[in-house]
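The residues making up each chain are set out below.
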Amino acid sequence: MEVFRDIAPMRAFLAERRVGRSVALVPTMGALHEGHGACVRSAVEVRDSLPVVSIFINPTQFGPDEDLDAYPRSFDRDLDLCTSWGVEAVFAPRTSAMYPVPQTTWIDVGELTGVLCGATRPGHFRGVTTVVAKLLHIIEPDIAVFGQKDAQQALVIRRMLRQLEFGSRIVVVPIAREKDGLALSSRNAYLNEDQRKRAASIFSSLQCAGEMIARGERDPRRVEAATIDILTDAGLEPEYAELRGLPDLCALEQIEGGVILAVAARAGRTRLIDNRTFFVGGGRVEADALLFDDGAR
Ligand code: AMP
């Protein structure tokens, strides 16, 4: 496995190796865990894959009061994990390589980015789409893999790829969870023992919501309120629990068709997100379907 810190050698490596192969990129911010592992495995499984992982803590997606400086870093361990997962190249650029001058050019996907996490993290998705666009221009992957854990991010990036005619196809992988259901996240490292226990209620709240929907509840407001109650009772501080329509994240009056229940809640100062998808129609409810399947393989 080769590690690149600068753009030109990364490009030169790919130019030499990519012939007859499918470059499959997994963009990450490092502090890797099995959730990233699920994305990487999906990249490795692509036929004739040349799997690449990028590790870059992107400053432009953090707000001024967010955890950029504290964000967990474990570079050596990340490289060991990438080796064990079968990654062929790691692109870990210095900030100065990705942002040689102050950034004034941005990609703004529009309405999709104004709700859920976009409502409380202004500028976040603009930073994400801009850095992902840069990574895609540098790596030119045939396939880019994203986790359903960051469902809104995956939807936003998919829209960017489509509207700007990027050549890459996007694959989304299911959420990898701890035994008690907590979605794996680099930010789980911030949690103390007590917060870690409370954090499991995020998944329980999503499960209860799923049971309500399965029992026939079709009023999104009631499901959202029940979800918020469970989070609050567990001592978490909910930021939102919202049911929205897929794939546009439109507001819902009625739970019907493809929907997502997305949650953000704080355990102490740590902000955690999670979600479940449901398909409701024809008298049945299907839970946890993939956010989208563009048939990339
Ligand atoms: P991050 O390093 O947190 O920016 O995540 C990099 C990629 O890994 C994103 O596409 C995430 O959605 C994905 N990812 C993170 N955690 C999980 C998880 N628990 N399950 C599946 N994918 C994940």
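Here's what I pulled together on the structure shown here. No experiment lies behind these values; they were computed from the predicted model shown. (Residues numbered from 1 in each chain as written. Predicted model: local features only at pLDDT ≥ 70, side-chain atom pairs only at ≥ 80, totals over all residues. Heavy atoms only, no water.)

**Examining the nonpolar core**
Stated formally: Buried residues of nine kinds, namely Ala, Val, Leu, Ile, Met, Phe, Trp, Tyr and Cys, make up a nonpolar core once their side-chain atoms join them within 4.5 Å. Between buried and exposed lies partly exposed: a residue is buried under 20% and exposed over 50% of the maximum accessible area for its type, with that area taken using a 1.4 Å probe on protein chains only.
Membership of the largest hydrophobic core comes to 47 residues, with the highest contact counts inside it found for Met10 and Ile139. The next biggest cluster of nonpolar side chains, apart from the first, holds 23 residues, and it includes Leu182, Leu231, Ala241 and Ile255.

**Section: the packing of helix α8 (residues 193-214) against helix α9 (residues 220-233)**
Helix-helix packing is characterised by the crossing angle of the two axes and by the distance between the axes. Stated formally: Helix axes use the C-alpha atoms of the stretch in contact, all axes being lines fitted to C-alpha atoms, and the angles between their N-to-C directions lie in the range 0 to 180 degrees. Strands here are runs of E lasting at least two residues and helices are runs of H or I lasting at least four, both read from the DSSP assignment and numbered beginning at the N terminus. Every angle not falling under 35 degrees, over 145, or within 65 to 115 is termed oblique; those three ranges are roughly parallel, roughly antiparallel and roughly perpendicular. Each crossing gets its handedness from the near helix: less than a right angle anticlockwise from the far helix is left-handed, clockwise is right-handed. Should any heavy atoms of two residues lie within 4.5 Å, those residues are considered in contact. Any residue that is not Ala, Val, Leu, Ile, Met, Phe, Trp, Tyr, Cys, Pro, Asp, Glu, Lys or Arg is counted as polar, Gly included; the first ten are nonpolar and the last four charged.
Two elements in contact, α8 and α9, have axes separated by 9 Å at closest approach and are oriented at 150 degrees. Relative to α9, the element α8 lies roughly antiparallel. Between α8 and α9 lies a crossing whose hand is right-handed. Side by side, α8 and α9 meet where Ser201, Ile202, Ser205, Cys208, Ala209, Met212 and Ile213 of the first sit next to Arg222, Val223, Ala226, Thr227, Ile230 and Leu231 of the second. Split by residue class, the contact of α8 with α9 holds 9 nonpolar, 3 polar and 1 charged.

**Regarding the pairing of strand β2 (residues 22-28)**
Our working definition: We call two strands paired when DSSP finds no fewer than two bridges between them. The definition of a right-handed crossover adopted here requires that, viewed with the strands pointing away, the path from the first strand over the helix to the second runs clockwise.
Within β2, 7 of the 7 residues are buried, which leaves the element mostly enclosed by the surrounding structure. Every second residue of β2 is oriented toward a common face, with Ser22, Ala24, Val26 and Thr28 on one face and Val23, Leu25 and Pro27 on the other, all of them buried. Where β2 and strand β3 (residues 49-55) come together, 7 bridges link them in parallel fashion. Residue pairing in the sheet places Ser22 in a bridge with Ser49 of β3. Each parallel crossover has a hand, and for β2 linked through helix α2 (residues 34-45) to β3 it is right-handed.

**Remarks on the side chain of Thr277**
To keep it simple, the criterion reads: Throughout this description, a polar contact denotes any pair of N or O atoms lying within 3.5 Å of each other; where both atoms belong to protein, one of them has to be capable of donating a hydrogen while the other can accept it, and for residues adjacent in sequence the pair is counted only when both atoms sit in side chains.
Position of Thr277 among the secondary structure elements: in strand β10 (residues 270-281). Of note is the side chain of Thr277, whose polar atom sits 2.6 Å from the backbone oxygen of Ala289. Those residues within four positions of Thr277 in sequence are excluded, and the remaining contacts are Gln148, Leu246, Val259, Ile260, Glu286, Ala287, Asp288, Ala289 and Leu291.

**Considering the sheet that holds strand β1 (residues 2-4)**
Spatially, 6 strands are ordered β1-β4-β3-β2-β5-β6 in an open sheet, and the strand pairing comes out parallel. What marks the edges here is a single partner per strand, and that holds for β1 and β6 (169-173). Each strand axis lies, on average, 25 degrees off the axis of its neighbour in the sheet, ignoring direction. Across the sheet, helix α1 (residues 7-17) touches β1, β2, β3 and β4 (89-91), and the angle it forms with β1 is around 140 degrees.

**Re the site of the ligand**
This is how it is decided: The near set for a molecule or strand comprises every residue that places at least one heavy atom within 4 Å of it. Accessibility throughout is a Shrake-Rupley quantity obtained with a 1.4 Å probe, and a residue counts as covered only by protein chains that appear here.
The immediate surroundings of the ligand are formed by 17 residues, with His36, Gly147, Asp150, Ala176 and Leu184 found nearest. A distance of 2.9 Å separates an oxygen atom of the ligand from a polar backbone atom of Met29. In this structure, Asp150 approaches the ligand through a side-chain N or O atom, which is 2.7 Å from an oxygen atom. Protein coverage of the free-state accessible area of the ligand, which is 480 Å², stands at 93%. Those elements giving two or more residues to the shell around the ligand turn out to be β2, α2 and β5 (143-147). The greatest single-element share of the shell around the ligand, amounting to 3 residues, is contributed by α2. Each residue belonging to the shell around the ligand can be placed in one class, and the counts come to 9 nonpolar, 6 polar and 2 charged.

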